[in-house]
Amino acid sequence: MNIHASEARPLPALGPHTRRCRLCGALLRHSFVDLGISPPCESFLTADQLDGMEACFPLHPMTCEECFLVQLPEYVSPAEIFTEYAYFSSYSTSWVEHARRYCEAITKRLDLGPKSLVIELASNDGYLLQHFLPLGVPVLGIEPAANVARAAIEKGVPTLVEFFGVALARKLVEEGLQADLIAGNNVLAQVPDLNDFVGGMKIILKAEGVITLEFPHIERLIEENQFDTIYHEHFSYFSLTTIDIMAARHGLKIIDVEELPTHGGSLRVYLAHAESRRPASRAVAGLLAHEKRCGLNDMAIYLSFGERARQVKRDLLQFLIAVKNDGKKLCGYGAPGKGNTLLNYCAIGTDFLDFTVDRNPYKHGRFTPGMHIPIRDVGAIDEAKPDYILILPWNLKDEIVRQMRHVSSWGAKFIVPIPFAMVIDPTEYRS
Ligand SMILES: [Zn+2]
């Protein structure tokens, strides 16, 4: 089947019990995990918003029994989420380094040069495309959030403030732009109209061009109880099996796949036109077979996930309650989106954490959505000298423990909540 999004009829709006899969259109009948009701995880509050009403939505992803796409309905439109976005990718040093290595490797692999064009979808503050500039490779960023796009333009990265889809792709092709490389890092999950987005990539890709997509691998999410990586802004959760179905639907094929440690375990998938000369690497068949062995093309594994999340919640709360009953002082480290899923699902507020800290100055003086935990500068930890520090971006725990090793001078320890609650003593920790 080779259907362009533009040729497919839009699905009619349906009630909550008659929702259809955003990829294949099948009826959604199976709960993946019910994480209760919470506000959108990037809606950090200012002090004068604390007494107001907060919009909250169910956080209840379903699994499609036909294509195994785990998905949330579009409770909050991307226009609401992404026009003023609090997440500047450049605030994570390890993430910027990850991007630099990718740019150098892909430039060699695809033999990119001054006549090539690299387009990044959701290019954020230019954290990735900036690395192509010294290599002499022309770039174009497409980023719907005006404030982060501005930061990219100031770095010299040309950026369009737009949402990407078939309409924008057609417009750019009419203007004579087509890409040798399309990069989409952690954007696929945030696209409500998946078929329009992938259809757009198909249109703007040169005949022998390559698309690379990075996204958290649902195998790792399930395996390691990463229910906190589910939030309203992430509509879709993918296996390679599902990506294969998605690619085929749009006249694309998977030519390679790599497993990455980022975001708790991600895949980088390489796609080309179905008729491209580029062959598929052995890794593709290997990982598809591995997913089959793991049961990712069988509903049983998806149906058992909810109870695993509930177990993590009970264990973490049991630990935090014991520590508080012991009279200890706790704070958080980090205010990432995923932190808010964990905090709201487990109802961890200022009764447990006095405050949390973040390296992103945009968040300083603000409060976490739902639980209203104050966010301070990292230096607040040195002043307060807490006994325990709960690491909310647990995927960066090695970097954080390294940077914050000095907290051992007053005996502080770290708590990591996922895959299960554990304590890290920085004096004994070898990452
Ligand atoms: Zn489906």
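None of the values given here were measured: they were computed from a predicted structure.

> For the pairing of strand β6 (residues 118–121), give the residues involved together with the corresponding values.
Every second residue of β6 is oriented toward a common face, with Val-118 and Glu-120 on one face and Ile-119 and Leu-121 on the other, all of them buried. Relative to strand β7 (residues 139–142), β6 runs parallel, the two sharing four bridges. Pairing of Glu-120 across the sheet is with Gly-141, part of β7. With three bridges connecting them, β6 and strand β9 (residues 179–185) associate as parallel partners. Of the residues in β9, the one forming a bridge with Ile-119 is Ile-182.

> A description of the nonpolar core should follow, citing residues and the corresponding values.
Ranked by size, the top nonpolar core spans 56 residues in total, and within it Phe-32, Phe-227, Ile-230, Tyr-302, Ile-348 and Ile-381 carry the most contacts. By residue number, the principal contributor to this core is helix α10 (residues 305–325), which donates seven residues. Filtering out sequence-adjacent residues up to four positions away, Ile-230 remains in contact with Phe-32, Val-33, Leu-35, Leu-59, Pro-61, Leu-72, Leu-221, Tyr-237 and Thr-341. Core analysis: the second largest hydrophobic core is formed by 46 residues, Ala-179, Ile-211, Ile-254 and Val-284 among them.

> Go over the coordination of the zinc ion, please, and point to the residues and values.
The protein atoms that coordinate the zinc ion are Cys-21 (SG), Cys-24 (SG), Cys-64 (SG) and Cys-67 (SG), at distances spanning 2.3 Å. Of note is the zinc ion, whose four donor atoms meet at the metal with angles of 101 to 119 degrees in an arrangement that counts as tetrahedral. The motif formed by the donor residues of the zinc ion, counted along the single chain, is C-x2-C-x39-C-x2-C. Relative accessible area serves as the criterion here: at 0%, Cys-21 is assigned to the buried category. On the basis of relative accessible area, Cys-24 is assigned to the partly exposed category, the value being 28%.

> Could you give an account of the sheet that holds strand β5 (residues 70–71), naming the residues involved and the relevant values?
In spatial order, the strands read β1-β4-β5-β11; together these four strands make up an open sheet with antiparallel pairing. On the outer flanks of this sheet lie β1 (30–31) and β11 (236–237), each paired with one strand and no other. Bridge count for β5 against β11 is two bridges, and the pairing is antiparallel. Bridged to Val-70 within β11 is Tyr-237.

> Could you give an account of the confidence of the model for the protein, naming the residues involved and the relevant values?
In this model, the protein carries a mean pLDDT of 91, and residues with pLDDT of at least 70 account for 92%. Here residues 1–14 scores under 50 on pLDDT; set against residues more than four positions off or in separate chains, the count is 21 contacts.

> If you had to explain the packing of helix α7 (residues 240–249) against helix α8 (residues 282–294) to someone new, which residues and values would you point to?
Two numbers describe how α7 lies on α8: the axes approach to 9 Å, and their chain directions differ by 120 degrees. Classified by the interaxial angle, the pair formed by α7 and α8 is oblique. Contacts from Leu-240, Thr-241 and Asp-244 of α7 reach α8 at Val-284, Leu-287, Leu-288 and Glu-291. Residue classes in the contact of α7 with α8 are distributed as four nonpolar, one polar and two charged.

> Break down the sheet that holds β9 for me, citing the residues and quoting the values.
Read across the sheet, seven strands follow the order β8-β7-β6-β9-β10-β13-β12 without closing on themselves; strand pairing throughout is mixed. Because the sheet does not close on itself, it has two edges, and the strands there are β8 (159–160) and β12 (252–260). The pairing of β12 with strand β13 (residues 266–273) spans eight bridges and is classified as antiparallel. Among the inter-strand pairings, Asp-256 is bridged to a residue of β13, identified as Tyr-270. Across the sheet, helix α2 (residues 93–109) lies against β9, β10 (205–216), β12 and β13, angled at about 155 degrees from β10, the strand it touches most.

> I'd like a rundown of the packing of helix α4 (residues 166–174) against helix α5 (residues 194–204), residues and numbers included.
Look at α4 against α5: their axes get within 7 Å of each other, and the N-to-C directions meet at 15 degrees. Between α4 and α5, the angle is such that the two are roughly parallel. Pair α4 / α5 crosses with right-handed handedness. Each of Val-166, Ala-169, Arg-170, Leu-172 and Val-173 in α4 lies in contact with α5, whose residues at this interface are Asp-196, Gly-199, Gly-200, Ile-203 and Ile-204. Looking at side-chain class alone, the contact of α4 with α5 contains six nonpolar, two polar and two charged residues.

> Run through the pattern of salt bridges, naming residues and quoting values.
What the rule picks out here adds up to 17 salt bridges. With a closest N to O distance of 2.9 Å, Arg-109 and Asp-256 form a salt bridge. Here Arg-109, found in helix α2, pairs with Asp-256, found in strand β12; they are 147 residues apart in sequence, far enough to count as distant. With a relative accessible area of 10%, Asp-256 lands in the buried category. Measuring nitrogen to oxygen at the nearest pair gives 3.9 Å for the salt bridge that ties Asp-125 to Lys-155. On the criterion of sequence distance, the pair formed by Asp-125 in the loop between β6 and β7 and Lys-155 in the loop between α3 (146–154) and β8 is long-range, its members being 30 residues apart. Of the residues examined, Asp-125 reaches a relative accessible area of 2% and is grouped as buried. Classification of Lys-155 as partly exposed rests on a relative accessible area of 34%. A single salt-bridge network, built from bridges that share partners, covers Arg-109, Glu-214, Asp-256, Glu-258 and Arg-268.

Basis of the calculations
- Residues numbered from 1 in each chain as written.
- Predicted model: local features only at pLDDT ≥ 70, side-chain atom pairs only at ≥ 80, totals over all residues.
- Heavy atoms only, no water.
- Buried < 20%, exposed > 50% of the residue type's maximum accessible area, 1.4 Å probe, protein only.
- Helix = DSSP H or I, 4+ residues; strand = E, 2+ residues; numbered from the N terminus.
- Pairing = 2+ DSSP bridges.
- Core = buried A, V, L, I, M, F, W, Y, C linked by side-chain atoms within 4.5 Å.
- Contact = heavy atoms within 4.5 Å.
- Donors = N, O, S within 2.8 Å, 3.2 Å for Na, K, Ca; no water.
- Tetrahedral: all angles 85-135°; square planar, octahedral: opposite > 155°, others 65-115°.
- pLDDT = per-residue confidence, 0-100.
- Axes fitted to C-alpha atoms, helices over the stretch in contact; angles between N-to-C directions.
- Parallel < 35°, antiparallel > 145°, perpendicular 65-115°, else oblique.
- Nonpolar A, V, L, I, M, F, W, Y, C, P; charged D, E, K, R; others polar.
- Left-handed = near helix turned anticlockwise from the far one by under 90°.
- Salt bridge = Lys/Arg side-chain N within 4 Å of Asp/Glu carboxyl O.

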